[in-house]
Amino acid sequence: MKRAALLLALSILALACRDEQTVPVVEEQEQSAAARDPHSFSRPDEVRVEHIVLDLGVDFAKKQLAGTATLRVRNETNAKTLVLDTNGLAIRRVTINNAPVQFKLDAAHPILGSALEIPVDANTQNVTIEYATSPTARALQWLEPAMTAGKKHPFLLSQSQAILARSWVPCQDTPGVRFTYDATIRVPKELLAVMSAENPQARNEEGVYRFSMKQPIPSYLLAIAAGDLEFRPFDTRSGVYAEPQVIERAAAEFSDTPKMMQAAEELYGPYRWDRYDLLVLPPSFPYGGMENPRLTFLTPTVLAGDKSLVSLIAHELAHSWSGNLVTNATWNDFWLNEGFTTYFEHRITEKLYGREYSEMLWLLGMTEVKEELATLPAADQALAVDFSKRDPDEVPGIVYEKGALFLRLLEETAGRERWDQFLRAYFDKFAFEPMTNAIFENHLKTALPDVVQKVDINQWIHGPGLPANVPQPKSEAFTRVEQQAKAFADGGSVDAIQAEKWSSHERVHFIQSLPALPVEKMAALDGRFHFTDSGNNEVLSAWLEKSLDARYQGAYPAIERFLTTQGRRKFLKPLYEKLAKNPEDLAFARRIYEKARPTYHPVSQATIDEIVGVPQSR
């Protein structure tokens, strides 16, 4: 997932009622799959799910998925109980060998949901669960036609990360468990269904679609979408799905995808998921992208018209190695997904677009991590943070860029050729396996002992802030931008700014480099560069944040339009936070949110509810 804005703290006092579960330090050869995940009720060390067969109907009127999940399990310990994660599921019946069995659905925990306990024995191989989802399932968003590009048909999308798969499939909802799956999905015949699996490329007349995912995946990569979709191929192994009104723009914007795949494979080995397709979702999708295998989910906010935001594709593609292939064993190890992926993203963009381009992205990331560090307590500034008693969606975003900077330091210390050999071997050695901080540290010490001696890896992984040896990306273009921002802030004329050939990254950096400005200087900038009307959402978002700092009223209508036409949490959260700083703007924010809230994904709703003061019982 690309630099997601993060949920605010939720009350989890009830977690203290559970037995304490922690992730033990284990030796590399043991792996961590058998360790209990503190964010899952499941006991995969006793009984493990190996394959799931879904047969579900999609009911837009009821906002419900209903049908069966048949789980193939392995019980090598002669355990008496299979424990699954659920959240809000209506469990209607459980059968083994076509015979109903008594099951127990525990009381709901506010974050983790309910444990589903099913009696099994050593001979149990398949367990079938008949169930239905809740209309308020947090993983699922049901969009009315008016919330889509076409305005004629409804749309369904899922977001299973981090622990939301349990709200639409009973499963062992932990990244430490991998399984294959098949599915039969029934939708209205005018719609096309797609999943994180082998996908159809055109609608059929029955509205019944069958899927197969042959590579084992963790539950957070389960994904489903259904809507009025068309497909355009890029080449024989990649293409894009989108609504008819968006498909041509999307195909043009992301046409470099095959080049990115080739660049990634040249760096770190073969792509192991057969196809790599993209799905452009309606604007309410809460993230920039979600790396669902074989089908990356994307926000339309990256359709800038000039390919200026395609680094998002590089990021989600990189997850095909770091995250989807080598996966964090628990959410306490999350930086091993996102830090590696952000580093890999920068390497792909450098290979395709040059060092200067990638250095600008590194510097924008450095700005992000410094801004976030200023808001975090020291305990949350490490890469490895114990989130056992918190919602895993609270993991700070610094794991992206701080993790990437740590890997860049290792590269600079080892030398690029040697470091690349290490990373390629790492992805090969641990492919389709879970990874913990302990395993990674031990592996790093074994493979690159001289590098570890030169780099304080303990301070980077377990300490706060950015250590003194943090790499220093350099961009001559950004240096020139900073000089012009300073000159303007010090009294220079807006007409003296030489911006004719600026890229969108330079425009973002210019805006971010400005100090607090008086309203008249904001208006002068807007008059020349029309930032308030920018079609690039990264530029627009940076400008709107700066406008709120200055309380530049000329941007307020654009703020309302922006907050009511897209639901990407990365953009929503900082704007609502700034609006909440004074009573007048907070009242404005609440009026906007009253209108916009029904169009946001539940993940975004949970974040903004807290910021603007919406009761949690809503």
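What counts as what
- Residues numbered from 1 in each chain as written.
- Predicted model: local features only at pLDDT ≥ 70, side-chain atom pairs only at ≥ 80, totals over all residues.
- Heavy atoms only, no water.
- Helix = DSSP H or I, 4+ residues; strand = E, 2+ residues; numbered from the N terminus.
- Rg over C-alpha atoms; globule rule 2.2 N^0.38 Å.
- Buried < 20%, exposed > 50% of the residue type's maximum accessible area, 1.4 Å probe, protein only.
- Contact = heavy atoms within 4.5 Å.
- Areas by Shrake-Rupley, 256 points an atom, 1.4 Å probe, with all protein chains shown as cover.
- Lys, Arg positive; Asp, Glu negative; His and termini not counted.
- Charge placed at Lys NZ, Arg CZ, Asp CG, Glu CD.
- Pairing = 2+ DSSP bridges.
- Arc of directions from axis to C-beta.
- Salt bridge = Lys/Arg side-chain N within 4 Å of Asp/Glu carboxyl O.
- Expected span 1.5 Å × (residues − 1).
- Phe/Tyr/Trp six-rings, centres within 6.5 Å; stacked < 30°, edge-to-face > 60°.
- Lys NZ or Arg CZ within 6 Å of the ring centre and 35° of its normal.
- Axes fitted to C-alpha atoms, helices over the stretch in contact; angles between N-to-C directions.
- Polar contact = N/O pair within 3.5 Å; in protein donor to acceptor, adjacent residues only side chain to side chain.
- Left-handed = near helix turned anticlockwise from the far one by under 90°.
- Nonpolar A, V, L, I, M, F, W, Y, C, P; charged D, E, K, R; others polar.

Caption draft 1: Focus on the overall build of the chain. Each helix and strand in the chain was counted, giving 18 helices and 21 strands. For 618 residues, the compact-globule formula gives about 25 Å, and the C-alpha radius of gyration of the chain, at 24 Å, lands near that figure. The principal-axis extents of the C-alpha atoms in the chain amount to approximately 80 × 60 × 50 Å. The buried share of the chain, taken over its 618 residues, is 63%. Pairs at least 24 apart in sequence give 72% of the contacts found in the chain among residues at least 6 apart. Carbon and sulfur atoms form 49% of the exposed surface of the chain, whose accessible area is close to 22900 Å². For the chain, the separation between the mean place of its 67 positive charges and that of its 81 negative charges on side chains is 2 Å.

Caption draft 2: Layout of the pairing of strand β14 (residues 224–227). The two faces of β14 match: Ile224 and Ala226 on one face and Ala225 and Gly227 on the other face are all buried. Pairing analysis gives 2 bridges linking strand β10 (residues 155–158) to β14, with the strands arranged antiparallel. Note on β14: the bridge partner recorded for Leu156 is Ala226.

Caption draft 3: Helix α15 (residues 556–565), seen in detail. When α15 is considered as a whole, its buried residues turn out to be Tyr556, Ala558, Ile559, Phe562 and Leu563. Down the axis of α15, the smallest arc covering the buried residues is 150°, so these residues share one side. Summarising the contacts, the buried residues of α15 are in contact with α14 (537–550), α16 (569–579) and α17 (583–596).

Caption draft 4: Summary view of the pattern of salt bridges. Applying the stated criterion to the full structure yields 40 salt bridges. A salt bridge links Arg347 to Asp420; its shortest N-O distance comes to 2.8 Å. Pair noted here: Arg347 is in helix α4 (residues 335–353) and Asp420 is in helix α7 (residues 416–429), with a separation of 73 residues, a long-range link. For Arg347, a relative accessible area of 6% puts it in the buried group. Between Arg390 and Asp380 there is a salt bridge, with the nearest N and O atoms lying 2.8 Å from each other. Placement of the pair is Arg390 in the loop between α5 (355–373) and α6 (398–414) and Asp380 in the loop between α5 and α6, with a sequence separation of 10 residues. The exposure class of Arg390 is partly exposed, given its relative accessible area of 27%.

Caption draft 5: View of α7. End to end, α7 covers 20 Å across 14 residues, agreeing with the expected 20 Å (1.5 Å per residue, within 8%). Of all the positions in α7, only Trp419, Asp420, Phe422, Leu423, Tyr426 and Phe427 are classed as buried. Axial view of α7: buried residues confined to an arc of 155°, hence all on one face. Of the surrounding elements, those touching the buried residues of α7 are α2 (257–268), β20 (326–328), α4, α6, β21 (433–435) and α8 (437–447).

Caption draft 6: Highlighting the packing of aromatic side chains. According to the stated counting rule, one finds 38 aromatic pairs in the structure shown. Ring plane angle 70° and centroid distance 5.1 Å describe the contact between Tyr220 and Trp331, whose orientation is recorded as edge-to-face. Here Tyr220, found in the loop between β13 (208–217) and β14, pairs with Trp331, found in the loop between β20 and α4; they are 111 residues apart in sequence, far enough to count as distant. For the residue pair Tyr220 and Trp331, the accessibility class agrees, reading buried in each case. In this structure, Lys429 packs its charged tip against the face of Phe430, placed 5.5 Å from the ring centre. A cation over a ring is seen here: Lys521 above Phe488, with NZ or CZ 4.0 Å from the ring centre.

Caption draft 7: View of the sheet that holds strand β9 (residues 140–143). Strand order in this open sheet of 4 strands is β9-β10-β14-β12, and the pairing throughout is antiparallel. At either margin of the open sheet sits one strand with a lone partner, and together these are β9 and β12 (192–195). Direction aside, the axes of adjacent strands within the sheet are offset by 15° on average. Bridge analysis of β12 against β14 gives 4 bridges, and the strand direction is antiparallel. What sits directly across from Ala193, in β14, is Ala226.

Caption draft 8: Highlighting the side chain of Arg568. Position of Arg568 among the secondary structure elements: in the loop between α15 and α16. Engagement of the side chain of Arg568 in a polar contact is seen with the side chain of Thr301, the distance being 3.1 Å.

Caption draft 9: Representation of the pairing of strand β4 (residues 90–96) in the model. Of the strand pairs in this sheet, β4 and strand β8 (residues 126–132) are connected by 5 bridges, and their pairing is antiparallel. Looking across to β8, one finds that Val94 is bridged to Ile129. Inspection of the sheet shows β4 paired to strand β5 (residues 99–100) by 2 bridges, in the antiparallel sense. Along β5, the bridge assignment pairs Thr95 with Pro100.

Caption draft 10: The packing of α4 against α6, seen in detail. Relative orientation of the contacting elements α4 and α6 amounts to 65°, with a least axis distance of 7 Å. With respect to the hand of their crossing, α4 and α6 are arranged in right-handed fashion. On α6, the residues touching Trp335, Glu338, Gly339, Phe340, Thr342, Tyr343, His346 and Arg347 of α4 are Val399, Tyr400, Glu401, Gly403, Ala404, Phe406, Leu407, Arg408 and Glu411. Residue classes in the contact of α4 with α6 are distributed as 8 nonpolar, 4 polar and 5 charged.

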